[in-house]
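# Analysis of the macromolecular model
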Amino acid sequence: FQVQQQWIKFWQLPNAQPFDDIAAYFGERIALYFVWVAHYTTWLAYAALAGVIAWIWTAAEATSNSIGVALFALFATIWATLFSNAW
């Protein structure tokens, strides 16, 4: 019950979850999953922001051969590498 009071809050950032309490209640395997999801969600926010910028750029040029698409592909490659290394 204590985990439930601290855990599910809409305004709380993904990395601010009570991972130690989750591990104590559910076990380390489940807690590791939640730590990974929090890490992924945090990093995915940056990719989403870059994707929106690339989409706006491509829509503004009215072509699918926009430089924004190529830059987003480059960003996604670098993002994936950094994400994996940070984990």
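Scroll up to find the structure this text is about.
Scoring rules and cut-offs
Numbers given for residues are sequential positions, taken from 1 along each chain in its written order. Only residues with pLDDT of at least 70 get local features here, since the model is predicted, and only at 80 or more are side-chain atom pairs given and counted; chain-wide, interface and lining totals rely on the full set of residues. Side-chain numbers here rest on the full set of heavy atoms in the structure, without hydrogens or water. Where helices and strands are cited, they refer to DSSP runs of H or I of at least four residues and of E of at least two residues respectively, numbered from the N terminus. Relative accessibility thresholds used throughout: buried, under 20% of the residue-type maximum; exposed, over 50%; partly exposed, between the two (1.4 Å probe, protein chains only). Computed with the Shrake-Rupley method and a 1.4 Å probe, the accessible areas treat only the protein chains shown as cover for residues. Between N-to-C directions, angles span 0 to 180 degrees; the directions come from axes that are lines fitted to C-alpha atoms, helices contributing only their stretch in contact. Here roughly perpendicular refers to angles of 65 to 115 degrees, roughly parallel to angles under 35, roughly antiparallel to angles over 145, and oblique to all remaining angles. By convention the crossing between two helices is left-handed if the near helix lies anticlockwise of the far one by an angle smaller than a right angle, and right-handed if it lies clockwise. Here, two residues are considered to be in contact whenever any of their heavy atoms come within 4.5 Å of each other. Residue polarity follows a fixed list, in which Ala, Val, Leu, Ile, Met, Phe, Trp, Tyr, Cys and Pro are nonpolar, Asp, Glu, Lys and Arg are charged, and the others, Gly among them, are polar. Patch construction takes residues with relative accessible area above 30% that form no salt bridge. Like charges are linked within 9 Å, and nonpolar side chains (Val, Leu, Ile, Met, Phe, Trp, Tyr) are linked within 5 Å. What makes a salt bridge here is a side-chain nitrogen of Lys or Arg within 4 Å of a carboxyl oxygen of Asp or Glu, nothing more.

### Digging into the overall build of the protein
Assigned secondary structure in the protein consists of 4 helices and 0 strands. In sequence order, the protein lays out its α and β elements as α-α-α-α. Within the protein, the proportion of its 87 residues that are buried is 20%. Of the roughly 6600 Å² of accessible surface on the protein, a fraction of 68% belongs to carbon and sulfur atoms.

### Points about the packing of helix α2 (residues 19-26) against helix α3 (residues 28-61)
Following both chains from N to C, one finds α2 and α3 inclined at 150°, their axes separated by 7 Å at the closest point. As judged from the angle between their axes, α2 and α3 are roughly antiparallel. Helix-helix and strand crossings are classified by hand; for α2 and α3 the assignment is right-handed. For the pair formed by α2 and α3, the contact residues are Phe 19, Ile 22, Ala 23 and Phe 26 on the first element and Glu 28, Ile 30, Ala 31, Phe 34, Val 35 and Ala 38 on the second. Tallied by class, the residues present in the contact of α2 with α3 amount to 9 nonpolar, no polar and 1 charged.

### Points about a nonpolar patch on the surface
Residues Trp 57, Ile 67, Leu 71, Leu 74, Ile 78 and Leu 82 make up a contiguous nonpolar surface patch of about 550 Å² in total accessible area. When residues of the nonpolar patch are assigned to their parent elements, the largest contribution, 5 residues, is made by helix α4 (residues 67-86). By secondary structure assignment, the location of Leu 74 is in helix α4.

### Brief notes about the packing of α3 against α4
When two helices pack together, their arrangement is given by the angle between their axes and by how far apart the axes lie. It is at 9 Å that the axes of α3 and α4 come closest, and there the two elements cross at 170°. Between α3 and α4, the crossing angle belongs to the class labelled roughly antiparallel. In terms of residue class, the contact of α3 with α4 is made up of 18 nonpolar, 4 polar and 1 charged.

### A short note on the environment of Val 52
As for its position among the elements, Val 52 is in helix α3. Separated by 20 residues in sequence, Val 52 and Phe 72 have C-alpha atoms that sit 9.7 Å apart.

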